[in-house]
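# Coordinate analysis (summary)
Chain by chain, the residues run as shown.
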Amino acid sequence: MRVLVVTAVDAERDAIVRGASAAGPAGSTGTGEPVEFAVPGFVLRRPAPVPEPLVIDALAAGVGPAAAAAGAATALTAAALSGSPYGLVVSAGIGGGFTGPGRSAAVGSVVVSDAIVAADLGAETPAGFVPVTDLGFGTVEHRPPAALVRAVAEAAGAQRGDVLTVSTVTGTAERAAALVAARPAALAEAMEGFGVAEAAAAHGVPALEIRAVSNPVGPRDRAAWRIGDALEALSGASAALREALRAAPPETWSAPEAWRTSETWSTSETGSTS
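In what follows, the accompanying structure is described. Counting from 1, residues in each chain are numbered in the order their sequence is written. Residues qualify for local features only when their pLDDT is at least 70, as the model is predicted, and side-chain atom pairs are given and counted only at 80 or more; totals for whole chains, interfaces and linings, by contrast, use all residues. Calculated side-chain values reflect all of the structure's heavy atoms, with hydrogen atoms and water omitted.

## Digging into the side chain of Glu-209
Counted only if it meets this: Only DSSP runs of H or I reaching four residues or more are called helices, and only runs of E reaching two or more are called strands; each is numbered from the N terminus. Throughout this description, buried means an accessible area under 20% of the type-specific maximum (1.4 Å probe, protein chains only), exposed means over 50%, and partly exposed covers the range between. We call two N or O atoms a polar contact when they sit within 3.5 Å, provided that within protein one can donate a hydrogen and the other can accept it, with sequence-adjacent residues counted only if both atoms are side-chain atoms. Contacts between residues were defined by any pair of non-hydrogen atoms, one from each residue, lying within 4.5 Å.
Residue placement: Glu-209 occurs in strand E14 (residues 207-216). For Glu-209, a relative accessible area of 0% corresponds to the buried category. Among the polar contacts made by the side chain of Glu-209, one reaches the side chain of Arg-211 at a distance of 2.8 Å. Residues in contact with Glu-209, not counting those within four places in the same chain, are Ser-91, Val-111, Val-112, Ser-113, Ile-116, Val-163, Thr-165, Ala-190 and Gly-193.

As structure tokens, this is what we get:
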């Protein structure tokens, strides 16, 4: 099976590749330099080859939901045209963590998405923010297969919750409180997940989001950011992702109707070994 992991920047992509390389099959690790593959406008990076059918490709698509959707859609289309489509797409990187009563996504922790949510896609009205779905358009949420979420969260020692996608990073306590009020299950905030999930949905492929927390959501305090720690946690989550995928065959995951059926998962797995 082939898995596409989409990040915003090179440092996140490299953390994913390091983690996936460290999780070689049956006690081994990948050796040598990662392999690079070009697709139109982008470069995929794959951990050093290891003798197993699970293949993870990492792509740094750029910051924000539009760039993420464009990169993910390009890679998905190229893979489908090559005859070796991806069976899973993961949006991964660092992000902000929500803290407060009933929630604590602390710096250095990892969050796996129960839902991938477009938190600011809609309209401002005199009565407040209205999501685009209330205007009669589109969607604001994608839900990964629950069995997949559980398996990855358990392997990574991660919390599960909603991961919010925003086009403008939260910078005040008031805005953070408003986001939590609108999505009580929110645990993390980033800028790419919903774009990746939209591209995946267009191709009928399940999507998941993994975030390593680098800072609290709220007032911007760069001195409190721990980007290095978050990247290390992201690398560990990448290793856990590979172990979870190896341990739980895709046909055992129950995907929502919006995604693929279990039969389609099985077809993708048997037809994709590179």
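So much for the structure itself; the text now carries on.
## Observations concerning the side chain of Arg-103
Condition: Note on charges: Lys and Arg go in the positive column, Asp and Glu in the negative column, and His and the chain ends are not counted at all. The salt bridge criterion pairs a side-chain nitrogen of Lys or Arg with a carboxyl oxygen of Asp or Glu, the two atoms within 4 Å.
One can find Arg-103 in strand E7 (residues 103-104). Although buried, Arg-103 forms no salt bridge, and the nearest oppositely charged side chain, Asp-162, lies 8.0 Å from it. Ignoring anything within four residues of it in the chain, the contact list for Arg-103 reads Phe-98, Val-180, Pro-184, Ala-185, Ala-186 and Leu-187.

## Section: the packing of helix H2 (residues 65-82) against helix H5 (residues 193-202)
Our working definition: Under this scheme, a helix contributes an axis fitted over its contacting stretch, all axes are lines through C-alpha atoms, and angles between N-to-C directions fall in the 0 to 180 degree range. Between 65 and 115 degrees an angle is taken as roughly perpendicular, under 35 as roughly parallel, over 145 as roughly antiparallel, and anywhere else as oblique. By convention the crossing between two helices is left-handed if the near helix lies anticlockwise of the far one by an angle smaller than a right angle, and right-handed if it lies clockwise. Basically, the charged four are Asp, Glu, Lys and Arg, the nonpolar ten are Ala, Val, Leu, Ile, Met, Phe, Trp, Tyr, Cys and Pro, and anything else, Gly included, counts as polar.
Where H2 meets H5, the closest approach of the two axes is 7 Å, and the angle between their N-to-C directions is 30°. With respect to their mutual orientation, H2 and H5 come out roughly parallel. As for the relative orientation of H2 and H5, their crossing is right-handed in sense. On H5, the residues that touch Pro-65, Ala-68, Ala-69, Ala-72, Ala-73 and Leu-76 of H2 are Gly-195, Val-196, Ala-199 and Ala-200. Tallied by class, the residues present in the contact of H2 with H5 amount to nine nonpolar, one polar and no charged.

## Some details on the pairing of strand E10 (residues 128-131)
To be explicit about the condition: The rule for pairing is simple: two strands pair if DSSP sees at least two bridges between them.
Strand direction decides the pairing type here: strand E9 (residues 122-125) and E10, joined by four bridges, are antiparallel. Paired with Gly-122 across the bridge in E10 is Pro-131. Between the antiparallel neighbours E9 and E10 lie two residues.

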